[in-house]
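Commentary on secondary and tertiary structure
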Amino acid sequence: MNALEALALPGLPKDAEGPVFAEPWQAQAFALAVRLHAEGAFTWAEWAAVLSDALAADSDDDGSHYYDHWVEALEALVECQSLASAAELAARKAAWEQAYKSTPHGAPVAL
């Protein structure tokens, strides 16, 4: 990311060297996109198009929701490429929500 791009997204977490992950889940979403691409689930051109659409749909985002859009794009590609259905994604989200709500604070969440 160049300096102009960084200024355009003031809410995107960054340090002196550039963007950073504010939360562990953001790094995991990033890694998942890289892994799915490496496994041939989608091309970088497909990824860029879907992520661009997700970002463009939220013109008020200052960068603080960047990785929310990243996950949105991942879900869209996973469904589009028939890696999982919308119902399967919803079921997985519900399972994770139940798991983290029932996990004691500080303990690892497990499904």
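Residues numbered from 1 in each chain as written. Predicted model: local features only at pLDDT ≥ 70, side-chain atom pairs only at ≥ 80, totals over all residues. Heavy atoms only, no water.

Quick notes on the overall build of the chain
This is how it is decided: A run of DSSP states H or I qualifies as a helix once it reaches four residues; a run of E qualifies as a strand once it reaches two. Both are numbered from the N-terminal end. Working definition: with a 1.4 Å probe on protein chains only, accessible area under 20% of the residue-type maximum means buried, over 50% means exposed, and in between means partly exposed. Note on definitions: a residue-residue contact is assigned when non-hydrogen atoms from the two residues lie within 4.5 Å. Exposure was quantified through the Shrake-Rupley algorithm and a 1.4 Å probe, taking into account, for residues, occlusion by the shown protein chains and nothing else.
When helices and strands are counted, the chain shows five helices and two strands. Taken from the N to the C terminus, the helices and strands of the chain come in the order α-β-β-α-α-α-α. Looking at the chain residue by residue over its 111 residues, the buried ones come to 23%. The long-range fraction of contacts in the chain, counting pairs at least 24 apart against all pairs at least 6 apart in sequence, stands at 47%. Accessible surface for the chain amounts to roughly 7500 Å². Of this, 59% is attributable to carbon and sulfur atoms.

As for the packing of helix 3 (residues 44-56) against helix 4 (residues 66-80)
The cut-off we apply is this: Here the axes come from fitting lines to C-alpha atoms, over the contacting stretch only for helices, and the angles between their N-to-C directions go from 0 to 180 degrees. Working definition: roughly parallel below 35 degrees, roughly antiparallel above 145 degrees, roughly perpendicular at 65 to 115 degrees, and oblique for all remaining angles. Handedness of each helix crossing follows the sense of rotation of the near helix against the far helix: counterclockwise by less than a right angle gives left-handed, clockwise gives right-handed. Under the scheme applied here, ten amino acids are nonpolar (Ala, Val, Leu, Ile, Met, Phe, Trp, Tyr, Cys and Pro), four are charged (Asp, Glu, Lys and Arg), and all others, including Gly, are polar.
Contact pair helix 3 / helix 4: the axes reach a minimum separation of 9 Å and the direction vectors enclose 130 degrees. Overall, the two elements helix 3 and helix 4 adopt an arrangement that is oblique. The two elements helix 3 and helix 4 cross, and the hand of that crossing is right-handed. Contact with helix 3, carried on its side by Glu-46, Trp-47, Val-50, Leu-51, Ala-54 and Leu-55, involves Tyr-66, His-69, Trp-70, Glu-72, Ala-73, Leu-74, Ala-76 and Leu-77 of helix 4 and no other residues of that element. Each residue belonging to the contact of helix 3 with helix 4 can be placed in one class, and the counts come to 11 nonpolar, one polar and two charged.

Here's the deal with helix 2 (residues 24-38)
Threshold: In this analysis, the expected span of each helix is defined as 1.5 Å times one less than the number of residues it contains. The arc under discussion is defined with respect to the helix axis, by the directions toward the C-beta atoms.
In this model helix 2 runs 21 Å from its N-terminal to its C-terminal C-alpha over 15 residues, within 8% of the 21 Å that 1.5 Å per residue would give. Looking only at helix 2, the buried set comprises Gln-26, Ala-29, Ala-33 and Leu-36. Projected down its long axis, helix 2 shows its buried positions confined to an angular sector of 95 degrees, all on one face. Away from its buried face by more than 90 degrees, helix 2 exposes Pro-24, Gln-28, Arg-35 and Ala-38. Elements that come into contact with the buried residues of helix 2 comprise helix 3 and helix 4. Remark: Gly-40 follows helix 2 within two positions and exhibits a positive phi of approximately 85 degrees.

All quantities given are derived from atomic positions and should not be read as evidence of function.
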